[in-house]
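# Observations on chain architecture
Residue strings, one per chain:
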Amino acid sequence: MTGHSRREAAFFIAVLIIMGAGWGITLPLTKIAVSTGYQHFGLIFWQLVIGAVLMSVIGLIRGTRLPVTRPQLAICLMVLMIGTVLPNTTSYQAAVHLPSGVLSLLLSMVPMLAFPVALAMGLDRFSLPRLAGLSLGLAGVLIIAVPGAQAMNLSVFWIIVALIASLCYGLEGNLVARFGTAGLDAFQVLYGASLMGAVIMLPVAVVTGQWIPPAAAFTPEGKALIAGSAIHVLVYAGYVWMVGRAGPVYAVQVSYLVTGFGVFWAKLILGETYSPGIWAAMALMFAGIWLVQPRRKSDLVADG
C-alpha cells in the first residue's frame, strides 16, 4: 500500500469493507436457499448460470476473451471442480445443518489450510509464526467442535464437512500458484469455469433428480440464490481489481471482514445467537489469519 495517497488509501479501505460485507452476506443467503430442500447440484447449476450471465456482461464491458487453448480449458476445469463444485457441494449440505455464522467462521480457515498445502507442494517455507497461526485456527475449530457444538447442539460431522470447502479453496490457490493460469487473468478463469460448469452441471442436476425449475426463482429461496450468486460475481470482480491495484497482501485482509460480516449478517437476517465459545473461536481465528497471511514480499513482487 506504499505510494498511495490518503484519499486512495481511504478508497481502498471502503472497497475492502464493501467486499467483506458482500461476501459475508452470501452465507446467510445460502442458508435461506437450502431451507426448503433444494439440493446441491441444482443449486450449483443455477449459481453457475447466474454467474456466467453476469460475467458475460462484465466481459463484454472489459473486452474479455474466453479461454480457447487446451491448457486454458484445463485450468478452467480445475477451478470449476476444486473451486466451485466440490466446495459448494459440501457447503450447501453443511448449510442445512449448521448456523450461517458458524459457516463463516469455518470459511476463515482457508488461508490457514492453504499454508500446509503450500509446504507440501514446495511453494512456501516453514515459519514458526505461520505455524502458530495455523495452530490458533485449529484451536478455534476445536472450540467450535467440542464445547461450542455441545452448547449449540452442532454436529461435529457437519463441521468436518464444512471444512472440506475451506481445504478446497486453499488447494485451488496453491494449484494456480504452482501451474499458473495459461495466460488468463483471474476473471477470465472464473468466466470460463462458469460457462463450462453450467454445461456440465445441467445433466448432473437432471439425472440426480436435483433439478430446480426456473419458476423457483420467484420463491424466497430462489431469490436468495440469485442475490447470493450475483453478489459473489460482483465482489469477486472487485477482488481481482483490488489485487491488481493494492496488491495481494492488502486484498487478503478481506478474510477478516468476510468472517466478521458473515456473523453480523447471520444475527441480523437469521436471528442467530452464539455461545461464548463461538466468540472465543472467532478471536483465535482472527489471530490465526493475521499470522498466516501472505508475507509482504508477495506484495512487492506484485507491484514490481
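Because the structure is a prediction, the values reported are computed rather than measured.

As a further point, take the layout of surface pockets. Approximately 170 Å³ is the volume attributed to the second largest pocket. Trp46, Ala217, Gly222, Leu225 and Ile226 are the residues nearest the centre of the second largest pocket, which is lined by 14 residues in total. Contributions of two or more residues to the lining of the second largest pocket are made by helix 2 (40-62) and helix 9 (220-246). Of the residues that constitute the lining of the second largest pocket, the class distribution is twelve nonpolar, one polar and one charged.

Once that is clear, we can look at the pattern of salt bridges. Close approach of charged atoms allows side chains with opposite charge to pair. Evaluation of the coordinates by the stated rule reveals one salt bridge. We note a salt bridge from Asp185 to Arg62, for which the minimum N-O separation is 3.2 Å. Of this pair, Asp185 sits in the loop between helix 7 (156-179) and helix 8 (186-207) while Arg62 is found in helix 2, placing the two residues 123 residues apart along the sequence. Given a relative accessible area of 28%, Asp185 falls into the partly exposed group. The exposure class assigned to Arg62 is partly exposed, which follows from its relative accessible area of 43%.

With that out of the way, let us pick up the confidence of the model for the chain. Confidence along the chain averages 83 in pLDDT terms, with 90% of residues attaining 70 or more. Within the model, pLDDT remains below 50 along residues 296-304, and this stretch shows eleven contacts once partners closer than five positions in the same chain are excluded.

Once that is clear, we can look at unusual backbone geometry. The phi dihedral of Ala182 is positive, around 55°, even though this residue is not glycine. As for its placement among the helices and strands, Ala182 is situated in the loop between helix 7 and helix 8. Overall, Ala182 belongs to the partly exposed group, its relative accessible area being 34%.

Inspection of the secondary structure puts Ala186 in helix 8. The partly exposed category is assigned to Ala186, whose relative accessible area is 32%. In this view, Ala186 contacts Tyr236 and Val240; residues no more than four positions away in its chain are not counted.

Under the defined criterion, the tally for this structure stands at nine aromatic pairs. Judged by centre distance (4.9 Å) and plane angle (65°), the rings of Phe45 and Trp46 are edge-to-face. Since its relative accessible area comes to 7%, Phe45 is described here as buried. Note on Phe261 and Phe264: the rings are 6.5 Å apart at their centroids and 85° apart in plane angle, and the pair reads as edge-to-face. You can see Phe261 and its partner Phe264 sitting in helix 11 (residues 254-270), three residues apart, about one turn around the helix. The class of Phe264 is partly exposed, set by a relative accessible area of 43%.

A separate point is the packing of helix 4 (residues 100-107) against helix 7. At a closest axis distance of 9 Å, the pairing of helix 4 and helix 7 adopts a crossing angle of 40°. Between helix 4 and helix 7, the interaxial angle falls into the category oblique. Crossing geometry of helix 4 relative to helix 7 is assigned as right-handed. Here Leu103, Leu106 and Leu107 of helix 4 come into contact with helix 7, specifically with Ile159, Ala162, Leu163, Ser166 and Tyr169.

A few words now on the environment of Leu27. Along the chain, the position of Leu27 falls in helix 1 (residues 6-33). Remark: the alpha-carbon pair of Leu27 and Ser104, spanning 77 residues in sequence, is separated by 6.9 Å. Not counting the four nearest positions on each side in its chain, Leu27 is found in contact with Ser100, Leu103, Ser104 and Leu107.

So, on to the nonpolar core. Membership of the largest hydrophobic core comes to 58 residues, with the highest contact counts inside it found for Leu98, Leu106 and Ile144. Per element, the largest residue contribution to this core is ten residues, and it comes from helix 3 (residues 70-97). One finds Met19, Trp23, Met242 and Val258 within the second-largest nonpolar core, a separate group that totals nine residues.

So, about a nonpolar patch on the surface. Side chains of Leu119, Phe126, Leu128 and Leu131 sit close together on the surface and give an oily, nonpolar patch of about 380 Å² of accessible area. Its location among the elements puts Leu131 in helix 6 (residues 128-152).

Rules behind the numbers
Residues numbered from 1 in each chain as written. Predicted model: local features only at pLDDT ≥ 70, side-chain atom pairs only at ≥ 80, totals over all residues. Heavy atoms only, no water. 1 Å grid on protein atoms, 1.4 Å probe; cavity = no way out; pocket = protein on both sides within 12 Å on 5 of 7 lines; lining within 4 Å. Points joined across faces, edges and corners; volume = space filled by probe spheres on them. Helix = DSSP H or I, 4+ residues; strand = E, 2+ residues; numbered from the N terminus. Nonpolar A, V, L, I, M, F, W, Y, C, P; charged D, E, K, R; others polar. Salt bridge = Lys/Arg side-chain N within 4 Å of Asp/Glu carboxyl O. Buried < 20%, exposed > 50% of the residue type's maximum accessible area, 1.4 Å probe, protein only. pLDDT = per-residue confidence, 0-100. Contact = heavy atoms within 4.5 Å. Phe/Tyr/Trp six-rings, centres within 6.5 Å; stacked < 30°, edge-to-face > 60°. Axes fitted to C-alpha atoms, helices over the stretch in contact; angles between N-to-C directions. Parallel < 35°, antiparallel > 145°, perpendicular 65-115°, else oblique. Left-handed = near helix turned anticlockwise from the far one by under 90°. Core = buried A, V, L, I, M, F, W, Y, C linked by side-chain atoms within 4.5 Å. Patch = residues over 30% accessible without salt bridge, like charges linked within 9 Å, V, L, I, M, F, W, Y side chains within 5 Å. Areas by Shrake-Rupley, 256 points an atom, 1.4 Å probe, with all protein chains shown as cover.

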